[in-house]
Amino acid sequence: MSEAAASWYNTGYDGVNTEEQRLQSLSGPRRLWMPAGATKSLVLVDDEAFCIHEHNAKLNDRWDNNHTCMKNIEDPCESCTRLGDKSRFYIGYLTSIDCSAFVDKKGNKYQYEVKLVGGKLGSLKKWRRKKEDRGSLVGTMWKVTRETDKAPSIGDEWEFHKTVEDEAALFSLANYKGKKLSELWAKAEENEASMTFLAQTFQLEFDPESDGKKLVRRVPPFNYMEVFKPRGNAFIKDLLGGVTKEEALGDYNDSGGSGGSGGSSGSGSEDDVPF
Ligand SMILES: [Zn+2]
């Protein structure tokens, strides 16, 4: 921890970027979550799952409090001690593009959003088998269905639909938290701070013929090393506050848990997808 971060105040404006990045890392990328009965069209960006032990806790009625377990890093892990093993899961993450249209409670429409898709053991085995079958899952499109609320929240039925042919078209549609990747890429090429910020979220790829200045126009995987970087027991203490174990485990039913992205989910038509 730097000296500035250990203090309770900063002078000047250096703290602005730190705070912005702290807020960004708190929320992180959206995660795929499907209500029971939903079907979605999903494109996989990568196929080597980034696997971690992760905790989740229900806080203020929300489940979006995932954080990397501190075991073997800062023993003993605050969450392991306070919440026990039931709040700790082995999860492997892939980067995906959710091609199905989605309308939130405020009426905002989302489509082609780049999201994390986190699979527990059953899903990881499924992805491993599908990768063995196909050789690679990169750029493959799937029709994913979650049959019941007992099934994983990332869907239990993964049916291969097609391989994406037009990566450029997919890139031009893709967005991250409501901002088009094409615009984020262009802004980062002009502004060093934006580039630094973007590089903390995505594994950026530079065009080798541009002296490291131009980004390749292709949807990259998330920068897992940054996104899931262990935040420390002090952070977890802050996060959990005075919550009890019973409150934090809530009505968890081991079906993927990290719900809360809520809203209705349309199935979308796969035939009118332009890539
Ligand atoms: Zn832990």
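Cut-offs applied
The residue count restarts for each chain, going from 1 along the sequence in the order it is written. Where totals are concerned, whole chains, interfaces and linings use all residues; where local detail is concerned, this predicted model gives features only for residues with pLDDT of at least 70, and gives and counts side-chain atom pairs only at 80 or more. Here a helix means four or more residues in a row that DSSP labels H or I, a strand means two or more in a row labelled E, and each is numbered from the N terminus. Think of it as a crowd count around each C-beta: if 20 or more other C-beta atoms lie within 10 Å the residue is buried, if 12 or fewer it is exposed, and in between it is partly exposed, with C-beta placed from the backbone throughout. For the purposes of this analysis, a nonpolar core is taken to be any set of buried Ala, Val, Leu, Ile, Met, Phe, Trp, Tyr and Cys residues that are connected through C-beta atoms within 7 Å. Working definition of a contact: two residues with C-beta atoms, positioned from the backbone, lying within 7 Å. Confidence scores per residue from the predictor, reported as pLDDT, run from 0 to 100.

Caption draft 1: Spatial organisation of the overall build of the chain. When you go through the chain residue by residue, the secondary structure sums to 10 helices and 12 strands. Expressed as a percentage of the 275 residues in the chain, the buried residues total 29%.

Caption draft 2: Layout of the nonpolar core. Counting residues in each nonpolar core, the largest one holds 36 residues, and the members touching the most others are V43, I97, L170, A174, L181 and V219. Elements with a minimum of two residues in this core: β1 (39-44), β4 (88-98), β7 (113-119), β8 (140-145), α5 (167-173) and α6 (181-190). When residues in this core are grouped by element, the largest group, 5 residues, is from β4. Leaving out residues up to four positions away in the same chain, L181 has contacts with F171, A174, N175, Y176 and V219. The next biggest cluster of nonpolar side chains, apart from the first, holds 8 residues, and it includes M70, L83, L240 and A248.

Caption draft 3: Layout of the confidence of the model for the chain. Of all residues in the chain, 85% have pLDDT values of 70 or greater, and the mean over the chain is 87. Mean pLDDT per element in the chain: strand β12 (residues 264-265) is the minimum at 36, and β8 is the maximum at 98. The low-confidence segment residues 254-272 (pLDDT under 50) makes 51 contacts with residues lying over four places distant or belonging to another chain.

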